[in-house]
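What the coordinates show
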Amino acid sequence: MTAPGIPITYTKKELSSLFFAAVSFAAILFLNRWRTTDFSATTGALYFLFAAIGFFVLIFGAISLQKIRGLRLGLIVTYENNFLLIIICFALSFLTLGYALVLVPGWITLSLHPRLRLGHFRPDIHDRDIGFISLLFPIAIFFEALFFLALGAIFHSDFLKEFARFAFPLALLSFLPLPHNFGAGMFKWSRIIQTTAMLVILFVFIGAFMKDPTLILGTVLGAALFFVVTIVEYIPRIFAHGFKR
């Protein structure tokens, strides 16, 4: 539940960022599937559309949970992503023919909600606020993955299991403690909780997709490339501003 009488809202910028991320991730998963699937023009277009809708639903659900929790804490949660970084990571996935799943989920910023401060003294936003709310993203994606895995097993549907194929890499890559990513907030808050949650999701992911090792390896390779790209992006800033705090 949200705070009484205050619904969650999305700005136009948030929705456009979410839509762009969903379409970009769908293109990356399409490349990954294209290597092993004989897509015709029609089936390829339908799979891409399905993947884009799937990613949008997954991310929208996770961000909505973060916004709900934020309101309960008297905070406004705003979703953001880095357009240029996503383009670069898509290019890397393209160059590896989809082997590397270089997904950049994004991050959130927090601000105090003016209506929810009445009668409450809240001097600042703490690391635990940003860390815990950031952690809700992979947790929500993880439970969405389990939900679709269970439905797929019950109804013997590869269609439903495909949602889990989207969800697990997205959840795991969001743990990376890098700028422009949810993991940075988690890392500053509690590395023990971050690492424990990541390992739990990783082990379930490996157990669920043992028969699809390319997906697991693609996620690991994607994480490595994401790390390299982010570090390279920050090298010019380090030399421009020096190493002083």
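Throughout what follows, the structure given in this document is the object of discussion. Note that the structure is predicted; figures quoted are calculated from it, not measured.

**Looking at the packing of helix α4 (residues 127-155) against helix α7 (residues 191-208)**
At their nearest, the axes of α4 and α7 sit 11 Å apart, and the two run at 20° to each other. Taken together, the axes of α4 and α7 are roughly parallel relative to one another. Seen along the crossing, α4 lies across α7 with a hand that is left-handed. In this structure, α4 contributes Leu-135, Pro-138, Ile-139, Phe-142, Leu-146 and Leu-149 to the contact, and α7 contributes Ile-193, Ala-197, Ile-201, Val-204 and Ala-208. In terms of residue class, the contact of α4 with α7 is built from eleven nonpolar, no polar and no charged.

**Thoughts on helix α3 (residues 83-95)**
The terminal C-alpha atoms of α3 lie 19 Å apart, and with 13 residues this matches the ideal 18 Å at 1.5 Å per residue to within 8%. For α3, the full list of buried residues reads Leu-85, Ile-86, Cys-89 and Ser-93. The buried side chains of α3 occupy one side of the element, clustering within an arc of 95° when seen end-on. Away from its buried face, by an angle of more than 90 degrees, α3 presents the exposed residues Phe-83, Leu-84 and Leu-95. One side-chain oxygen of the residue at the start of α3 lies 3.1 Å from the amide nitrogen of Leu-84, identifying that residue as Asn-82. Looking at the residues trailing α3, positive phi occurs at Leu-97, about 55°.

**Some remarks on the packing of aromatic side chains**
Per the stated rule, a full pass over the model turns up 23 aromatic pairs. For the pair Tyr-47 and Phe-166, a centre-to-centre distance of 6.4 Å together with 70° between the ring planes defines the contact as edge-to-face. Within this pair, whereas Tyr-47 is found in helix α2 (residues 41-72), its partner Phe-166 is found in helix α5 (residues 158-173), the two being separated by 119 residues in sequence. What makes Phe-166 buried here is its relative accessible area of 0%. Centre to centre, the rings of Phe-205 and Phe-209 are 5.6 Å apart; their planes meet at 55°, and the pair counts as tilted. Residue Phe-209 is classed as buried on the basis of its relative accessible area of 10%. The cationic tip of Lys-67 hangs over the ring face of Tyr-10; the distance from NZ or CZ to the ring centre is 4.8 Å.

What counts and how
- Residues numbered from 1 in each chain as written.
- Predicted model: local features only at pLDDT ≥ 70, side-chain atom pairs only at ≥ 80, totals over all residues.
- Heavy atoms only, no water.
- Axes fitted to C-alpha atoms, helices over the stretch in contact; angles between N-to-C directions.
- Helix = DSSP H or I, 4+ residues; strand = E, 2+ residues; numbered from the N terminus.
- Parallel < 35°, antiparallel > 145°, perpendicular 65-115°, else oblique.
- Left-handed = near helix turned anticlockwise from the far one by under 90°.
- Contact = heavy atoms within 4.5 Å.
- Nonpolar A, V, L, I, M, F, W, Y, C, P; charged D, E, K, R; others polar.
- Expected span 1.5 Å × (residues − 1).
- Buried < 20%, exposed > 50% of the residue type's maximum accessible area, 1.4 Å probe, protein only.
- Arc of directions from axis to C-beta.
- Polar contact = N/O pair within 3.5 Å; in protein donor to acceptor, adjacent residues only side chain to side chain.
- Phe/Tyr/Trp six-rings, centres within 6.5 Å; stacked < 30°, edge-to-face > 60°.
- Lys NZ or Arg CZ within 6 Å of the ring centre and 35° of its normal.

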